[in-house]
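Residue-level structure breakdown
Here's the letter readout for the chains.
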Amino acid sequence: MDKGKAVMGSGRRWAVDFTDNSTLPSSRDIPDPPGFSRASQEQDDSAVAKQKKDAEANWKAQKAWEVAQAPFKNLLMMGFMMWMAGNTVHLFSIGITFSALWQPIGALQGVGKVFEPYKDSKVDLLVPKLVFIALNLGGLALGIWKLNTLGLLPTHASDWVSSLPPAKEVEYSRGGFPLL
Amino acid sequence: MAMAIRSLLIFLCIQSIAVPTFSLYEDQAGLMDWHQKYIGKVKHAVFQTQKTGRKRVLVSTEENVIASLDLRHGEIFWRHVLGTDDAIDGIDIAMGKYLITLSSEGSILRAWNLPDGQMWWESFLQGPSYSKSFLFVPLQFITQYLPKSPSIATSSKVDKDNTILVFGKGSLHAVSSIHGDIVWKVDFPDESFEVQEVIQHHDSNIIYVVGFVGSSQFDVYQINAKNGELLKHDSAAFDGGFSGEVSLVSKAKLVVLDAARSTLLTISFQKGEISFQKTYISDLVKGFSGMAMILPSKLTGLFAVKTITATTFISMSSVGQLEVVDKINHATVISDALSFSEDRQAFALVQHGDSDIHLNVKQNHDWSSDLLKERIKLNQQRGFVHRVFMNNYVRTDKSHGFRALIVMEDHSLLLLQQGEIVWSREDGLASIIGVTTSELPVEKEGVSVAKVEQNLFEWLKEHMLKVKGALMLASAEDLAAIQGMGLRSSEKSKMTRDHNGFRKLLIVLTKSGKLFALHTGDGRIVWSLLLNSLRQSEACENPTGINVYQWQVPHHHAMDENPSVLVVGRCKPSSDALGIFSFVDTYTGKELKSFGLDHSIAQVIQLPFTDSTEQHLHLLIDTSGQAHLYPRTPEAVAIFQLEFSNIYWYSVEADNGVIKGHGLKSNCDGEVANNYCFGAREVWSIVFPLETEKIITTITRKSNEVVHTQAKVVADQDVMYKYISKNLLFVATVSPKASGDIGSATPEESHLVVYVVDTVTGRILHRMNHHGSQGPVHAVF
């Protein structure tokens, strides 16, 4: 913008040139130097601003998608750690399971905050938000699934009513000393 | 230093908080619903029926119990249970006031006070070798056999008679019956000398000890009764060899069988000469073949030989002539001889009828006439008579009466007198090998008063008694009757099911093969059944019971179907013997059916599935590790196939220190292949190092145990939890040194390790070491 002003305001105090020859480069006497493109010069202020805004929106959208997809990596890592922790109830597996539960819950609580920097009228944040929520819910489901494999979920009626017998185990094993 | 003080403070704090309570509350002491005492199958019995004082019978049993029973009612005056390795070899009464017992293979001699059962003295006898043991109390011989002879109490007699002769551990001991000191001891020159009889005549100081060395040499020792001096030793050999029991038929004559058990051998040993006289059994008994057996008895001039077909009584004249006096084809039992007057001896002979027993009392020298001939009807099936003991009494008209104590096949004890059963004791309950429970019948609506109270007359009588009680007119007997009625009709002892399922029938299997149903409310016997399938038969020579299981528990048809139990047994005591099944209705106490199996039984696993008739599926593992499914119906197999891959079992081998887990494979092969037989594969195994750990206990959760609350405290302060997998196994091991009794190892060399094992995967879930601890371990899961 400043460059345009400097070119046009040289020599005279002021002048009004009603002919606009900038759009037709062929009508000019002096050809443009090689490598010079008039096009960029010819954009007006609003166009440039618009372009700038577009770039920023693009960047924001891109970033928002990145943020939305971030829990996926987390999910994979959690899955690996859960597999490492095994299915017995001890300190390590309990810790991992609870962190696996807590992380998505924390993330879901702060959905607005996470996407605040990328708020823009031109950027549609709904889809990345949905993806982010879905992935975190996936993480939560993984945690609950782990809780279930640890046998800590009250899934049977007997867990709620004390007078009911516990669920029958699938496997059945009996034996002992040989009968004499 | 600070650390030490801190830890000491913490320790003191914990000590002050933790108040150890190993006691009962005051109101719990001695409180129980019911309590029953039994003694077991009687082995020896001695009567004490003096004119004054209580009449009692002293018994020793196969459960190592000595007891004094009331001869009038059969109640226990006192009872002592000796240790499991302290088997009783002989009992007798000394000096009329002590019960002498010889136990632990002839090494422990004890005297017990007759009225209260307190131990008077105890004496340990040592000897060079293990041998058959033998108790001989000379005083008994005189006082009981000649009860009315006044000349007995001369000082010299008492002096002599106060010694007890015991043969045990290879030597003969004379023990003073007053304080248990060993007066003298004779070690026989030949270490393998086995005493068969000790003979002492009334009027002499010489004791004759006769026995065998090896299988073919007969020895007689003459010993001075005063000082144990060896006076004379005679010995003679017999080519044919000796076998088994000896019957002393007169003061100087023995009858024994030769090694082939086909020839009778009369041995005379009077006056230092030993002579043998051979008699072929086939000459005496027509059609004899096979093996014979001399019944152990102490009759004069008479002995009994048992062959496969019959029991033959043979008398011996004074010159040694043998003569058959009778031949009895039924099962027969004879008692020892009993001297009931100066020179008369009698013995009891018990034979079996269809549902009754015949008791004959005969005199030794007169077979043709009976002193007593009675026929006693048995009100229930008790099997054969196994032992009979006889006692006499003098009636008011000075004639002699006899009573007999008989031990039946079901281990019950009966006193017979004047053709009736005076009392009976169900002592089979002393040796219980299996227990299960059965629900009582559901209370049916519309039961009339008369039906509950059996009949109108009884009902009226009860009400009369109650009125009497209310008007304070009742005597002590009436009061007892009212109390008994109250107990019977009380909620606790009703014969119907209650809402909470507290009232049940305990189905108890005893060692004798008799099944009892006891009511949990008051412990009474509701019914009893001697199982025919667990009795000796041609198919099964020596059957034994293993355990009893719930077979059919009707829930859907509880009103019109009766539950039944499965009794599992095997033909011989060895583990590879073929199995026996018997099904018994628990309401009626009748055997529904029974059959023999074509495989052995090492494990019985009750599966948690039932078929359409609510029979429980059972999996039996034989000794070769194959699994057999029962009931043998296509429906059961179909149910089983659905759960095929989820069924496992484990076996514990304590000797090898191994626990193995098994899964099922397809149908088994071999000659027993059928649809109901499955092969097994080993899934896992845990091997304990034999040099440091020995398995002593394994406990698992009972499959029929129901815990509803999160944790349940049972009567002995154990806690049972709702959420514990039923597939878990608790294993306790101890160091091999500490596997004996308490006190057999020092705390340094004893340790106890407990494990919790998942029996499906074989994973050890938990392990804990207790240093300085020792078994036995009882656990509740």
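Residues numbered from 1 in each chain as written. Chains lettered and ligands numbered in written order. Predicted model: local features only at pLDDT ≥ 70, side-chain atom pairs only at ≥ 80, totals over all residues.

Focus: the overall build of chain B
Note the following rule: For the purposes of this entry, the term helix denotes a DSSP run of H or I that reaches at least four residues, the term strand denotes a run of E that reaches at least two, and both are numbered from the N terminus. Three exposure classes are used. Buried residues have 20 or more other C-beta atoms within 10 Å of their own C-beta, exposed residues have 12 or fewer, and partly exposed residues fall in between, all C-beta atoms being placed from the backbone. In this description, any two residues whose backbone-derived C-beta atoms lie within 7 Å of each other are considered to be in contact.
Scanning chain B from terminus to terminus reveals eight helices and 53 strands. For chain B, with 781 residues in total, the buried portion stands at 32%. Counting contacts in chain B only where the partners sit at least 6 residues apart, residues at least 24 apart contribute 46% of the total.

Looking at the overall build of chain A
Looking only at helices and strands, one finds six helices and one strand in chain A. In chain A, the order of α-helices and β-strands from amino to carboxyl end is α-α-α-α-α-α-β. Going through the 180 residues of chain A one by one, you find that 13% of them count as buried. Pairs at least 24 residues apart make up 66% of the contacts formed inside chain A by residues separated by at least 6 positions.

Section: the nonpolar core
As a reminder of what qualifies: For the purposes of this analysis, a nonpolar core is taken to be any set of buried Ala, Val, Leu, Ile, Met, Phe, Trp, Tyr and Cys residues that are connected through C-beta atoms within 7 Å. For the purposes of this description, domain bounds are those given by an automatic or database domain assignment.
Counting residues in hydrophobic clusters, the biggest one holds 156 residues, and the most contacted among them are Ile100, Val166, Ala348, Ala404 and Ile406 of chain B. For this core, the element with the highest residue contribution is strand β31 (residues 400–408) of chain B, accounting for six residues. Shared between two domains, this core holds at least three residues of each, these being domain 1 (243–329) and domain 3 (688–781) of chain B. If sequence neighbours within four positions are ignored, Ala348 of chain B has contacts with Ile334, Ser335, Leu359, Val361, Val388, Met390 and Ala404 of chain B. With seven residues, the next largest nonpolar core counts Ala68, Leu125, Phe132 and Leu135 of chain A among its residues.

Focus: the interface of chain B and chain A
Rule in force here: Strand pairing is assigned whenever DSSP detects at least two bridges linking the two strands.
Counting from both sides, the interface comprises 31 residues of chain B and, opposite them, 17 residues of chain A. If you list the elements that add at least two residues to the side of chain B that touches chain A, you get β38 (544–552), β42 (603–610) and β45 (647–653) of chain B. Two elements, strand β1 (residues 172–176) of chain A and β45 of chain B, share five bridges in a ladder whose sense is parallel. Paired with Arg174 of chain A across the bridge in β45 of chain B is Trp649 of chain B.

Focus: the confidence of the model for chain A
Spelled out, the test is: For every residue, the pLDDT score states the predictor's confidence, bounded by 0 at the bottom and 100 at the top.
Overall, the predicted model of chain A reaches an average pLDDT of 80, with 84% of residues at or above 70. Here residues 1–9 of chain A is a poorly scored stretch, pLDDT under 50, and it has two contacts once near neighbours within four places are set aside; other chains count.

As for the environment of Asp622 of chain B
Residue and element names in this part refer to chain B. By the element assignment, Asp622 lies in the loop between β43 (616–621) and β44 (627–630). Remark: the alpha-carbon pair of Asp622 and Asp576, spanning 46 residues in sequence, is separated by 8.1 Å. Among residues more than four places away in sequence, those in contact with Asp622 are His599, Ser600, Ile601, Ala602 and His628.

What to know about the domain arrangement of chain B
Accessible area lost on assembly of the parts is the figure often given for the size of an interface. You can read the domains of chain B as domain 1 (243–329), domain 2 (453–490) and domain 3 (688–781). The C-alpha centroid of domain 3 of chain B is placed 51 Å from the C-alpha centroid of domain 2 of chain B.

Brief notes about the UniProt feature "transmembrane region" (unreviewed entry) in chain A
All names here are of chain A. So the rule is basically this: UniProt positions are given in the numbering used here, feature names are shortened, and annotations may be inferred rather than shown by experiment.
Cross-referencing UniProt, the feature "transmembrane region" (unreviewed entry) maps to residues 80–105 and 125–145 in the present numbering. Between the C-alpha atoms that bound residues 80–105 the distance is 20 Å, and the span itself is 81% helix and 0% strand. Helix makes up 95% of residues 125–145 and strand 0%, whereas the separation of the span's terminal C-alpha atoms amounts to 30 Å.

Focus: the packing of helix α3 (residues 45–85) of chain A against helix α4 (residues 91–109) of chain A
All names here are of chain A. Cut-off, in case you're wondering: Helix axes use the C-alpha atoms of the stretch in contact, all axes being lines fitted to C-alpha atoms, and the angles between their N-to-C directions lie in the range 0 to 180 degrees. Comment on the angle field: the value is read as roughly parallel under 35 degrees, roughly antiparallel over 145, roughly perpendicular from 65 to 115, and oblique elsewhere. Throughout, a crossing is termed right-handed when the near helix is turned clockwise from the far one, and left-handed when it is turned anticlockwise from it by less than a right angle. The residue classification treats Ala, Val, Leu, Ile, Met, Phe, Trp, Tyr, Cys and Pro as nonpolar and Asp, Glu, Lys and Arg as charged. All others, Gly included, are polar.
Taken N-terminus to C-terminus, the directions of α3 and α4 make an angle of 165°; their axes are 9 Å apart at the nearest point. Considered as vectors, α3 and α4 are oriented roughly antiparallel to each other. Two packed elements cross with a definite hand, and for α3 against α4 that hand is left-handed. Note on element contacts: α4 touches α3 through Phe92, Ser93, Ile96, Ala100, Gln103 and Ala107, opposite Pro71, Asn74, Met78, Met81, Met82 and Ala85. Grouping the constituent residues of the contact of α3 with α4 by class yields nine nonpolar, three polar and no charged.

Let's talk about the sheet that holds strand β36 (residues 514–519) of chain B
The pairing of strands in a sheet happens through backbone hydrogen bonds and is either parallel or antiparallel. Residue and element names in this part refer to chain B. Read across the sheet, four strands follow the order β34-β35-β36-β37 without closing on themselves; strand pairing throughout is antiparallel. Unpaired on one side and paired on the other, β34 (432–439) and β37 (525–530) mark the two borders of the sheet. Taken over all neighbouring pairs, the strand axes of this sheet differ in orientation by 20° on average, direction set aside. Judged from the seven bridges that link them, β34 and strand β35 (residues 504–510) form a sheet pairing that is antiparallel. If you follow Ser438 over to β35, its bridge partner there is Leu505.

Topic: the sheet that holds strand β40 (residues 578–585) of chain B
Residue and element names in this part refer to chain B. One open sheet holds the four strands; their spatial order is β38-β39-β40-β41, and the pairing between them is antiparallel. With partners counted over all chains shown, the strands left at the sheet margins are β38 and β41 (591–600), one partner each. Sheet twist, expressed as the mean angle between neighbouring strand axes with direction ignored, is 20°.

A short note on α4 of chain A
Residue and element names in this part refer to chain A. For the record, the criterion: Expected span, for any helix, means 1.5 Å times one less than how many residues it has. For this quantity, the arc is that covered by the directions from the helix axis to the C-beta atoms.
For α4, spanning 19 residues, the distance from its first C-alpha to its last is 27 Å, which sits close to the expected 27 Å at 1.5 Å a residue. Of the positions making up α4, those classed as buried are Ser93, Thr97, Ala100, Pro104 and Ala107. Burial along α4 is one-sided: seen end-on, the buried residues are contained in an arc of 115°. α4 presents Leu91, Phe92, Gly95, Ser99, Trp102, Ile105, Gly106 and Gln109 as exposed residues on the side facing more than 90 degrees away from its buried surface. If you follow the buried residues of α4, they end up packed against α3 and α6 (126–149).

Some details on the pairing of strand β17 (residues 242–250) of chain B
Residue and element names in this part refer to chain B. Bridging between β17 and strand β18 (residues 253–258) involves six bridges; their strand directions are antiparallel. What sits directly across from Ser247, in β18, is Val255. Counting the residues between successive antiparallel strands, the hairpin from β17 to β18 contains two residues.

Focus on the packing of α4 of chain A against α6 of chain A
Residues and elements named next belong to chain A. Where α4 contacts α6, the axes come no closer than 8 Å and their chain directions differ by 155°. Taken as axis vectors, α4 and α6 run roughly antiparallel relative to one another. Crossing of α4 against α6: the hand is left-handed. In this structure, α4 contributes Thr97, Ala100, Leu101, Gln103, Pro104, Ile105, Ala107 and Leu108 to the contact, and α6 contributes Ile133, Asn136, Leu137, Gly139, Leu140, Leu142, Gly143, Lys146 and Leu147. Looking at the contact of α4 with α6 residue by residue, the classes come out as eleven nonpolar, five polar and one charged.

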